[in-house]
Amino acid sequence: MRHLKQGRKLSRTSAHRKALLRNLAISLIRHERIRTTDAKAKELRRFADRLVTLGKRGDLSARRRAAALLASREAVKKLFDVIAPRFKDRPGGYTRVVKFTRRVGDAAPISIVEFTGAEETVKTRKKKRKPQAKKEASEKQA
C-alpha cells in the first residue's frame, strides 16, 4: 500500500530530485514563467506554492527556511519583496501549470509553469518592436 508516500520520484535519487526542484524553483522565481515537462511542472507547483507561503509570512524564520531551500540570495529577495506581496490576499494556488506541446526529441509532454497574475508583468516587460527600422531602410535604398 502507498499510504503517506507523496510526490513523484522523477527517476532520480533524492539528492538529485532536491537539486532539480531547487533549480526549477530558482528559475521560476527569476523568470516568473518557465517551460518544463508535465511531471516536473506538477512537482514544482507543490514546491513553489510552499515557498510563496513562506514569503507571505515574511518573518526572519520564514526567510531563513526559504534561503535553506533555495540557496540563492537573489531568489529569496525577489520572492519576499516582489512575488509574495502580490499574493497577500490570495489563500493558495499561486502557480499555474498549462499544458503546452510535446518535445521534438522524445515526445515528452511539455508544460508552462507560471505565477498566477504573471501575465501582466510579462506583458509590460516585453519591448515594442520599432516599425521605423523598415521604413528607414527602404528610404535609404531609394
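Residues numbered from 1 in each chain as written. Predicted model: local features only at pLDDT ≥ 70, side-chain atom pairs only at ≥ 80, totals over all residues. Heavy atoms only, no water.

Points about the overall build of the protein
Here is step 1 of the chain: In terms of regular secondary structure, the protein is built from 6 helices and 3 strands.
Here is step 2 of the chain: Counting across all 142 residues of the protein, residues that qualify as buried make up 34%.
Here is step 3 of the chain: A separation threshold of at least 6 residues defines the contact pool for the protein, and within that pool the share at least 24 residues apart is 58%.
Here is step 4 of the chain: Carbon and sulfur atoms make up 53% of the accessible area of the protein, which totals about 10200 Å². (Helix = DSSP H or I, 4+ residues; strand = E, 2+ residues; numbered from the N terminus. Buried < 20%, exposed > 50% of the residue type's maximum accessible area, 1.4 Å probe, protein only. Contact = heavy atoms within 4.5 Å. Areas by Shrake-Rupley, 256 points an atom, 1.4 Å probe, with all protein chains shown as cover.)

Some words on the packing of aromatic side chains
Here is step 1 of the chain: Summed over the entire model, instances satisfying the criterion amount to 2 aromatic pairs.
Here is step 2 of the chain: With a centroid separation of 5.2 Å and an interplanar angle of 55°, the aromatic rings of Phe 87 and Tyr 94 are classed as tilted.
Here is step 3 of the chain: Take Phe 87: its relative accessible area is 3%, and that puts it in the buried class.
Here is step 4 of the chain: Judged by its relative accessible area of 3%, Tyr 94 is buried.
Here is step 5 of the chain: Between Phe 87 and Phe 115 the ring centres are 6.2 Å apart and the planes differ by 45°, which places this aromatic pair in the tilted class. Of this pair, Phe 87 sits in the loop between helix H4 (73–86) and strand S2 (95–102) while Phe 115 sits in strand S3 (residues 109–115), and the two are 28 residues apart along the sequence.
Here is step 6 of the chain: Phe 115 gets classed as buried once you look at its relative accessible area, which sits at 1%. (Phe/Tyr/Trp six-rings, centres within 6.5 Å; stacked < 30°, edge-to-face > 60°.)

So, the pairing of S2
Here is the key point about a regular strand: its side chains alternate between the two faces of the sheet.
Here is step 1 of the chain: When S2 meets S3, the two strands line up antiparallel, connected through 7 bridges. Looking at S3, one finds that Arg 102 is bridged to Pro 109.
Here is step 2 of the chain: Between S2 and S3, which pair antiparallel in sequence order, lie 6 residues; one of them, Ala 107, sits at a positive phi of approximately 60°. (Pairing = 2+ DSSP bridges.)

A few points about the side chain of Ser 72
Here is step 1 of the chain: Along the chain, the position of Ser 72 falls in the loop between helix H3 (60–70) and H4.
Here is step 2 of the chain: Judged by relative accessible area, which is 10%, Ser 72 ranks as buried.
Here is step 3 of the chain: Not counting chain neighbours up to four residues away, the residues in contact with Ser 72 comprise Ile 26 and Arg 30.

As for the environment of Lys 18
Here is step 1 of the chain: Examined against the element boundaries, Lys 18 turns out to sit in helix H1 (residues 14–31).
Here is step 2 of the chain: In the structure, Lys 18 is positioned 51 residues away from Leu 69 in sequence and 9.0 Å away in space, judged by C-alpha atoms.

Considering the pattern of salt bridges
Here is step 1 of the chain: On inspection of all chains with the given rule, the structure shows 11 salt bridges.
Here is step 2 of the chain: Here Arg 96 and Glu 114 are joined by a salt bridge, their closest N and O atoms 2.8 Å apart. Taken together, the positions of Arg 96 in strand S2 and Glu 114 in strand S3 put the pair 18 residues apart, joining distant regions of the chain.
Here is step 3 of the chain: On the basis of relative accessible area, Arg 96 is assigned to the partly exposed category, the value being 28%.
Here is step 4 of the chain: Accessibility expressed as a relative area gives 7% for Glu 114, which makes it buried.
Here is step 5 of the chain: It is possible to trace a salt-bridge network through shared partners that takes in Arg 8, Glu 43 and Arg 46. (Salt bridge = Lys/Arg side-chain N within 4 Å of Asp/Glu carboxyl O.)

Here's the deal with H1
Here is step 1 of the chain: Compared with an ideal rise of 1.5 Å per residue, which puts 18 residues at 26 Å, H1 spans 26 Å between its outermost C-alpha atoms and is within 8% of the ideal.
Here is step 2 of the chain: If you check which residues of H1 are buried, you get Arg 17, Leu 20, Leu 21, Leu 24, Ala 25, Ile 26, Leu 28 and Ile 29.
Here is step 3 of the chain: Packed against the buried residues of H1 are strand S1 (33–37), helix H2 (38–57), H3, H4, S2 and S3.
Here is step 4 of the chain: With its phi angle positive at about 65°, Glu 32 sits one or two positions after the end of H1. (Expected span 1.5 Å × (residues − 1).)

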